[in-house]
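Remarks on the overall topology
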Amino acid sequence: MTFKNVHKCVLLLSVLFPVIGFAQVADSEYNMELRKKEAFTDDIKRVNTVELGGTMDFVSDDFGRWDGVRLRYTRTNKKYTWFLEGNGYNREKSGGEAFVGVGGLYVDWAKRMYTFSSVSAGTDTDYSPKIRVDQDFNFKFGKSQQWVWVLGGTYVDYYSPQSIVIASTGMTYYTKGIILSGRMFYNIAYPGALNSVSGQISADQGYWYKYMNTLTVSGGKQAYMATYMDSPEAIDRNSISVSFKSRYWVKKTWGFWGQVSYTNVFDAYNVFGVGAGVFVNF
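First things first, this report covers the structure right here in the doc. Numbers given for residues are sequential positions, taken from 1 along each chain in its written order. In view of the model being predicted, local features appear only for residues whose pLDDT reaches at least 70, and side-chain atom pairs are presented and counted only at 80 or more, with totals across whole chains, interfaces and linings using the full set of residues. To obtain the side-chain values, all non-hydrogen atoms of the structure were used and water was disregarded.

Let us now look at the overall build of the protein chain. Going along the chain from the N terminus, every DSSP run of H or I of four or more residues is numbered as a helix, and every run of E of two or more is numbered as a strand. Helices and strands together make up the secondary structure of the protein chain, namely two helices and 14 strands. Relative accessible area decides the class of each residue, using a 1.4 Å probe on protein chains only: under 20% of the type maximum gives buried, over 50% gives exposed, and in between gives partly exposed. Taken across its 282 residues, the protein chain has 49% of its residues classed as buried. We call two residues in contact whenever any of their non-hydrogen atoms come within 4.5 Å of each other. Here the analysis covers contacts within the protein chain between residues at least 6 apart in sequence; of these, 50% occur between residues at least 24 apart. Total accessible area on the protein chain stands at roughly 13400 Å², and carbon and sulfur atoms take up 64% of it. Here the Shrake-Rupley method, with its probe set to 1.4 Å, supplies the accessible areas, and only the displayed protein chains count as covering residues.

Here the focus is a nonpolar patch on the surface. Put simply, a patch holds well-exposed residues, over 30% relative accessible area, that have no salt bridge, with like charges counted together within 9 Å and Val, Leu, Ile, Met, Phe, Trp or Tyr side chains within 5 Å. Any Lys or Arg side-chain nitrogen located within 4 Å of an Asp or Glu carboxyl oxygen qualifies as a salt bridge. A cluster of nonpolar side chains, contributed by Leu52, Val69, Leu71, Tyr248, Val250, Trp254, Phe256, Val278, Val280 and Phe282, occupies part of the molecular surface with about 880 Å² of accessible area. Of all the secondary-structure elements, those providing two or more residues to the nonpolar patch are strand S2 (65-76), strand S12 (233-251), strand S13 (254-265) and strand S14 (269-281). On the secondary structure map, Val280 appears in strand S14. For Val280, a relative accessible area of 38% translates into the label partly exposed.

Two strands pair under a simple rule: DSSP has to find at least two bridges between them. By the bridge criterion, 12 bridges tie strand S9 (residues 178-190) to strand S10 (residues 194-207) in an arrangement that is antiparallel. In the sheet register, Ile179 faces S10, and the bridge partner there is Asp204. In this antiparallel pair of consecutive strands, S9 and S10, the connection spans three residues, and Gly192 shows a positive phi of 105°.

What follows covers the nonpolar core. Residues Phe83, Val100, Val102, Tyr106, Tyr114, Phe116, Val148, Tyr174 and Ile179 constitute the largest nonpolar core, which totals nine residues. For this core, the secondary structure elements donating two or more residues are strand S4 (96-110) and strand S5 (113-122). Here this core takes three residues from S4, the largest share from any one element. In these notes, a set of buried Ala, Val, Leu, Ile, Met, Phe, Trp, Tyr and Cys residues joined through side-chain atoms within 4.5 Å is what counts as a nonpolar core. Residues Val59, Phe63, Val265 and Tyr269 belong to the second largest nonpolar core, which totals seven residues.

This part covers the environment of Thr76. Summarising the element assignment, Thr76 is placed in strand S2. For the pair formed by Thr76 and Leu105, sequence separation is 29 residues and the distance between their alpha carbons is 9.9 Å.

Here we come to the side chain of Arg247. The topology assignment puts Arg247 in strand S12. For Arg247, the side chain forms a polar contact with the side chain of Glu51, separated by 3.2 Å. In the analysis that follows, any N or O atom pair within 3.5 Å is treated as a polar contact, provided that within protein one partner can donate a hydrogen and the other can accept it, and provided that, for residues neighboring in sequence, both atoms belong to side chains.

This paragraph deals with the pairing of strand S7 (residues 147-158). Consecutive side chains along a regular strand alternate between the two faces of the sheet. Burial of S7 is one-sided: the residues Val148, Val150, Gly152, Thr154, Val156 and Tyr158 facing one way are buried, the residues Trp147, Trp149, Leu151, Gly153, Tyr155 and Asp157 facing the other way are not. Both strand S6 (residues 129-141) and S7 contribute to a ladder of 12 bridges, which runs antiparallel. Looking at S7, one finds that Ile131 is bridged to Asp157. Counted between consecutive antiparallel strands, the loop separating S6 from S7 contains five residues, among which Gly142 sits at a positive phi close to 95°. In terms of strand pairing, S7 meets strand S8 (residues 163-175) through 11 bridges, oriented antiparallel. Bridge pairing links Tyr155 to Val165 in S8. Where S7 hands over to S8, the hairpin turn is made up of four residues, counted between the paired strands.

Right, let's talk about the environment of Lys140 for a bit. Examined against the element boundaries, Lys140 turns out to sit in strand S6. Taking relative accessible area as the criterion, Lys140 reaches 10% and is therefore assigned buried. Distance from Lys140 to Met171, taken between C-alpha atoms, is 9.8 Å for residues 31 residues apart in sequence.

A few words now on unusual backbone geometry. A cis geometry characterises the amide bond from Tyr190 onward to Pro191, with omega recorded as 0°. Tracing the backbone through its elements, the reader meets Pro191 in the loop between S9 and S10. The backbone of Gln145 sits at a positive phi, close to 55°, despite the residue not being glycine. Among the structural elements, Gln145 can be located in the loop between S6 and S7.

This is the structure in structure tokens:
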């Protein structure tokens, strides 16, 4: 196997870990939506949201551009919020086309406890999950339930010989116009049962139906077994990722969003990303 092929496989597999972290970042918006149910209790009761958007990631080392498109429908009720999502991807020179479907559900079980569950599945490519299952347990503390402690677990099985188990915990603090959050992830990659730790912090500033700005920083180790090599060996890399997303309501019924991101997997590759989309509330 040539060095170029090895480098390409390392790129494809190492990107799996930032993808896991990014999924948690993306879902934080719907965590906020659950916590801000008052946004859906006006006279019109806008309990439905439809969002359409796209992203472009520019990858270093001549790996080309990665494009993505997402369509998501969210329904909010007093006791639960659920969503269905379709994602299409095209990775130029490094992975081809893929489709990933996602279904998720938030449930308020008690005044101070709610859960988040989701299942994802993708088409047969090196970078999409064959099956992914997420389960979070959230516990509210404080006089006004301004603190939320989360315990989570994730299992991802890929079409390649790789699979990942993740345990996580974190805390979120809500105050007027600001949300602060931190979370740690303990990853076990198979084969090899290789352990690694990553973390994520985020800050949200804004008001629902007006604007919402989100800054997220994540980083840590990425460990996995490179089974594609002639003599399989463990790969262990540091990475850091920064993203900023802004959501703006033109009216209560609709708005748009934009985002920029940068990821650096040390001694491997860099990714600069941009994205934009629209959403409708009804």
